[in-house]
Amino acid sequence: MAEQPPLLNDVLTRLRLALTLTWAGLLAERLVQAFWPLWTLIAATAAALMLGFQDWAMVELVGAALVGAAIGALVFAVQGLRRFRWPHRAEALARMDAALPGRPLAALADRQAIGAGDAASEALWRVHLTRMATAARSARAIEPDLRLSKRDPFGLRYIALLGLVVALLFGSIWRVGTVTQIGPGGAQAAAAGPAWEGWIEPPHYTGLPSLYLPDLKDRISVPEGSRVTLRFYGTPGALSTSETVSGRTDGVGAATDPEQSFEITQSGTLAIEGAGGRSWTISVLPDAAPDVALIDDGKRTTFDGQMHQPFQATDDYGVTSGTAIFRLDVDRVTRRYGLATDPEPREAIELELPMPITGNRNAFTETLIENLSDHPWAHLPVTLELRVTDALDQTGSSALVPMTLPARRFFDPLAAAVVEQRQALLWSRQNARDVAQILRAISYRPESGLFRSETAYLRLRVILRRLETLVRHDALTTDAQDEIGAAMWDLALLLEDGDIGDALERMRKAQERLTEAMKNGASEDEIARLMQELRDATQDYLRQKSQQAQRENDTDQPDSGENSMQLSQQDLQDMMDRIQELMEQGRMAEAQQALEEFQEMMENLRVTEGQGGQGQSEGQQAMEGLADTLRQQQGLSDQAFRDLQEQFNPGAQAGENQGNEGRSGGEGRGQSHEGQNGQGQGQGQQQGQQQGDEQPGAGGLADRQEALRRELERQRGNLPGQGSEAGDAAREALERADRAMNDAEQALRQDDLAEAIDQQSQAMDALRDGMRNLGEALAEANRKNQGGQGQARGADGAQQSDPLGRIAGQGDQAGTQDSLLQGEDVYRRARELLDEIRRRSGEGDRPEVERDYLRRLLDRF
């Protein structure tokens with residue numbers, strides 16, 4: 001063989017691994033193509049024998065099948081040997097070269113036939129070889145072609161392979177040996193070597209795998225209740241069972257039965273007697289009873305009376321269920337007032353313990369969450385016992401823990417009195433007469449200011465009359481007792497919460513959903529949605545809470561003093577922003593802790609009003625009055641526009657006008673769709689009541705426009721800021737609005753709706769200019785007032801904040817004493833502030849004064 005060129009040797013050295021893999025693939029390809037009928041036949045025969053084909057088929061059929069399989073295997077082996085050719089290295093190299101463009105490996109083996117000795121020709125030849133060597137280095141191993149679809153169009157190889165897999169899973173390899181029994185001397189062979197197999201299956205709840213007896217050692221440890229299954233093959237009676245682990249005395253079959261099954265209930269021995277038999281010493285692992293214990297984390301009750309009691313449970317194979325049992329500890333009850341009477345028998349409180357939905361129940365920690373505030377034992381001494389059960393119905397109990405039944409606390413004196421009398425009534429029906437007397441004394445003088453609403457007083461009187469009637473006729477049954485107790489509980493909630501009960505419940509539910517989402521690893525979109533729900537519910541609750549606080553101040557209710565917590569809405573907003581920021585950063589543990597702190601701060605919460613407790617200033621009243629006038633003017637303009645549409649398309653807008661009356665047209669009657677409360681709204685409602693009977697049409701709109709113009713004249717007469725440049729500009733703008741309103745009124749009386757709409761638009765623009773100038777005048781007057789008084793404070797001593805939540809400067813200083821950001825954070829913080837200003841300026845539920853201020857900030861920066 002001629003010596004190979006150096007370039008080819010270098011390339012082949014680099015391609016040694018790829019060449020070897022290609023050669024191995026070529027070998028596998030030829031083996032598969034040559035011998036696939038042989039291994040298909042072998043797989044099918046093995047599957048049939050392992051599944052026991054020879055045990056139920058006729059001897060002649062089994063013999064013929066085995067002879068045919070042997071002949072077929074011989075034929076297929078001979079054909080395979082004739083077809084098979086051992087692959088050589090050159091064939092693998094040629095297969096790799098054929099996959100490359102230009103066959104560079106063959107080109108490297110060529111020699112120059114023309115131009116030898118010519119320098120130019122040899123240089124060109126060397127360049128050609130270099131290019132071929134570069135192309136040859138990119139060669140890769142070639143995958144073998146193992147497809148047999150053309151040779152096996154019916155997929156016989158797959159059928160045989162499937163049968164083999166099924167036999168391995170559900171059959172037994174030991175059955176292959178029983179094929180010798182069908183030939184001459186088979187009976188003697190069976191007597192000399194019978195076959196058996198067996199399993200030990202632990203109880204399903206343990207989660208342990210089954211054990212195959214032939215593979216086990218002589219000593220075995222299994223859980224109690226495991227089931228043994230034995231199967232004997234061959235001549236009946238050749239094998240027998242001897243065992244002391246089941247403890248059976250009745251229903252025991254013959255020891256030589258071909259199939260046996262029994263449970264292991266005690267330690268002992270198991271033996272298979274006969275040729276090829278074995279014996280085992282079995283130890284039973286008892287199933288221990290579960291265990292449960294309380295965890296005292298120091299926190300048991302939320303601000304709304306919801307109990308949180310953590311516990312820990314363990315079991316060797318898993319806890320299936322659990323129960324918490326509260327029993328009244330009568331010996332520790334302070335027997336006075338309504339509790340001095342012997343209590344009526346009442347069943348213990350039983351609550352189902354929460355179990356992990358996923359994961360291991362062998363050892364876990366969970367929290368029992370329940371609200372027992374309305375139970376008769378609320379705030380009374382009780383004992384708590386936890387019980388858990390496993391799959392064998394074994395029970396484990398915790399030690400009795402003395403505690404006070406967690407429940408909601410009532411801070412309103414009247415609500416607390418109603419709850420106390422309710423507890424006395426549910427304690428014993430013998431207290432019914434005393435309870436009725438106390439309730440009558442409470443409601444003796446409703447005009448004293450004890451009741452904040454007439455609804456609460458009327459409900460108390462209904463309960464009182466119902467109770468007195470039942471006592472008088474000696475008809476206070478257990479059902480009536482529970483019915484009156486439920487009514488008194490609802491009354492106590494009304495007295496304590498007023499109209500904030502629904503808002504409080506929504507806020508609590510939002511907190512619970514957010515907590516659960518963080519525990520379960522919810523997506524960012526889901527957490528953001530739940531966080532927004534918490535924000536909305538908290539704002540609703542704070543708004544109603546502040547209204548309730550204002551009513552308490554009006555009735556000179558005493559403050560909660562040191563037991564209360566004073567927070568501003570901006571503080572709570574910052575806390576929720578911090579929680580969302582932690583969640584977005586993936587710091588769920590810190591976010592959960594911050595959420596718990598937020599929940600605790602909602603207890604005994606007293607929201608500070610942004611404007612103090614001394615009422616609104618003259619400037620604020622003027623601004624709100626102008627804002628209400630602007631809303632009413634917008635409503636009139638919308639109604640005029642719809643009437644104009646009706647003129648060009650009669651009847652088409654009737655449904656729309658009726659459907660939108662409460663949203664836009666209703667604003668012309670003084671009903672703001674933004675839900676703003678204040679002096680301007682009250683005036684608008686009064687005008688709407690005076691003009692509610694007017695007929696629709698241009699005449700009615702003109703009268704309403706005239707009434708609105710007169711209201712603007714009254715507001716102009718009481719406008720503050722006189723003498724300042726901004727104040728004079730505000731008055732001039734309102735004069736323009738007055739003239740535009742007058743022109744709109746005249747146009748409406750002449751049924752010129754198009755002209756009226758133009759004039760109304762000019763009036764609204766002038767009103768906006770007036771409000772803007774008035775705001776600047778008020779801000780200038782405030783600065784002068786602070787400069788003259790030094791370090792001014794609000795009427796209650798609390799610092800005031802601007803619409804962005806910033807604390808006003810002191811004296812001649814502006815801004816804050818906090819350190820300003822340095823470096824790159826200056827630009828990042830500036831972008832964040834601009835984004836926040838844009839977001840707040842687009843929120844329609846914010847006051848127009850604040851939105852106007854934010855728009856002026858955006859215009860400036």
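Residues numbered from 1 in each chain as written. Predicted model: local features only at pLDDT ≥ 70, side-chain atom pairs only at ≥ 80, totals over all residues. Heavy atoms only, no water.

Draft legend 1. The overall build of the protein chain, seen in detail. Secondary structure summary: the protein chain contains 25 helices and 18 strands in total. Across the 861 residues in the protein chain, those meeting the buried criterion constitute 38%. Counting contacts in the protein chain only where the partners sit at least 6 residues apart, residues at least 24 apart contribute 72% of the total. On the protein chain, roughly 48,700 Å² of surface is accessible, and the fraction owed to carbon and sulfur atoms is 51%. (Helix = DSSP H or I, 4+ residues; strand = E, 2+ residues; numbered from the N terminus. Buried < 20%, exposed > 50% of the residue type's maximum accessible area, 1.4 Å probe, protein only. Contact = heavy atoms within 4.5 Å. Areas by Shrake-Rupley, 256 points an atom, 1.4 Å probe, with all protein chains shown as cover.)

Draft legend 2. Structural detail: the sheet that holds strand 6 (residues 259-263). Ordered in space as 2-1-4-6, the four strands form an open sheet in which the pairing is antiparallel. With one partner strand each, in any of the chains shown, strand 2 (211-212) and strand 6 form the two edges of the open sheet. As defined by bridge partners, strand 1 (residues 195-201) adjoins strand 4 (residues 227-233) across seven bridges and the pair is classed as antiparallel. Each residue of the ladder has a partner; that of A195, found in strand 4, is Y233. (Pairing = 2+ DSSP bridges.)

Draft legend 3. Layout of the sheet that holds strand 9 (residues 291-294). What the three strands build is an open sheet, ordered 9-10-13; its pairing is antiparallel. The two strands at the open ends of the sheet, each matched to only one other strand, are strand 9 and strand 13 (363-371). Recorded for the sheet is a direction-independent mean angle of 30° between the axes of neighbouring strands. Note: strand 9 against strand 10 (residues 306-314), four bridges, orientation antiparallel. (Axes fitted to C-alpha atoms, helices over the stretch in contact; angles between N-to-C directions.)

Draft legend 4. Structural detail: the pattern of salt bridges. Under the counting rule described, the total for this entry stands at 30 salt bridges. In this structure, E468 engages R440 in a salt bridge whose closest nitrogen and oxygen atoms are separated by 2.8 Å. Highlighted residues: E468 in helix 12 (residues 454-472) and R440 in helix 11 (residues 432-442), separated in sequence by 28 residues. A relative accessible area of 19% places E468 in the buried class. As a salt-bridge pair, E745 and R709 come within 3.4 Å of each other at their nearest N and O atoms. Taken together, the positions of E745 in helix 22 (residues 725-749) and R709 in helix 21 (residues 698-717) put the pair 36 residues apart, joining distant regions of the chain. By sharing partners, the salt bridges in this structure join D703, E706, R709, R710, E713, E745 and R749 into a single network. (Salt bridge = Lys/Arg side-chain N within 4 Å of Asp/Glu carboxyl O.)

Draft legend 5. How the structure looks around unusual backbone geometry. One non-glycine residue, D393, lies in the positive phi region at around 65°. Mapped onto the fold, D393 is located in the loop between strand 14 (381-390) and strand 15 (395-397). Positive phi, close to 60°, is recorded for D751, a residue that is not glycine. Positionally, D751 belongs in the loop between helix 22 and helix 23 (753-789).

Draft legend 6. A look at the side chain of Q633. Looking at the secondary structure, you find Q633 in helix 18 (residues 618-648). Owing to a relative accessible area of 0%, Q633 belongs among the buried residues under this scheme. Apart from the residues lying within four places of it in its own chain, the contact partners of Q633 are Q705, L708, M741, Q760, A763 and M764.

Draft legend 7. Just a positive patch on the surface, in detail. Taken together, R82, R83, K150 and R151 make up a surface patch of like positive charges. Its place among the elements puts K150 in the loop between helix 7 (119-136) and helix 8 (156-170). (Patch = residues over 30% accessible without salt bridge, like charges linked within 9 Å, V, L, I, M, F, W, Y side chains within 5 Å. Lys, Arg positive; Asp, Glu negative; His and termini not counted. Charge placed at Lys NZ, Arg CZ, Asp CG, Glu CD.)

Draft legend 8. View of the packing of helix 10 (residues 413-427) against helix 11. It is the contact of helix 10 with helix 11, at a shortest axis distance of 9 Å, that shows an interaxial angle of 165°. Taken together, helix 10 and helix 11 sit at an angle that is classed as roughly antiparallel. For the crossing formed where helix 10 meets helix 11, the hand is left-handed. Together, L414, A417, Q421, A424 and L425 of helix 10 and A432, V435, I438 and I442 of helix 11 make up the contact between the two elements. For the contact of helix 10 with helix 11, the per-class residue count stands at eight nonpolar, one polar and no charged. (Parallel < 35°, antiparallel > 145°, perpendicular 65-115°, else oblique. Left-handed = near helix turned anticlockwise from the far one by under 90°. Nonpolar A, V, L, I, M, F, W, Y, C, P; charged D, E, K, R; others polar.)

Draft legend 9. Fine view of the pairing of strand 10. Across nine bridges, strand 10 lies against strand 13 in antiparallel orientation. Across the sheet, residue T314 finds its bridge partner in strand 13, namely A363.

Draft legend 10. Examining the packing of aromatic side chains more closely. A complete count under the given rule lists seven aromatic pairs for this structure. Arranged with centres 6.3 Å apart and planes meeting at 45°, the rings of F35 and F84 form a pair that is tilted. With F35 in helix 2 (residues 16-50) and F84 in the loop between helix 4 (59-83) and helix 5 (89-98), this residue pair connects regions lying 49 residues apart in the sequence. Side by side, F35 and F84 carry an identical accessibility label, which is buried. When the centroid spacing of 5.9 Å and the interplanar angle of 75° are considered together, the rings of W196 and W280 count as edge-to-face. Here W196, found in strand 1, pairs with W280, found in strand 8 (residues 279-285); they are 84 residues apart in sequence, far enough to count as distant. (Phe/Tyr/Trp six-rings, centres within 6.5 Å; stacked < 30°, edge-to-face > 60°.)

Draft legend 11. Structural context of helix 22. Between its terminal C-alpha atoms helix 22 stretches 37 Å, which fits the 36 Å expected from 25 residues at 1.5 Å a residue. Backbone geometry just after helix 22 places D751 at a positive phi near 60°. (Expected span 1.5 Å × (residues − 1).)

Draft legend 12. Focus on a negative patch on the surface. On the surface, a cluster of negative charge is made up of D743, D751, D752, E755 and D758. Positionally, D743 belongs in helix 22. A relative accessible area of 37% means that D743 is categorised as partly exposed.

Draft legend 13. The arrangement of a nonpolar patch on the surface in detail. On the surface, a cluster of nonpolar side chains totalling about 690 Å² of accessible area is made up of L51, L161, L162, V165, V166, L169 and F170. The topology assignment puts L169 in helix 8.

Draft legend 14. Structural view of the side chain of D287. For D287, the location among the structural elements is in the loop between strand 8 and strand 9. Buried charged residue D287 carries no salt bridge. Nearest counter-charge: R361, at 14 Å. Within the local environment of D287, its side chain forms a polar contact with the side chain of Y205, the two groups lying 3.0 Å apart. Not counting the four nearest positions on each side in its chain, D287 is found in contact with Y205, E224, D315, D316, Y317, D390, L392 and Q394. (Polar contact = N/O pair within 3.5 Å; in protein donor to acceptor, adjacent residues only side chain to side chain.)

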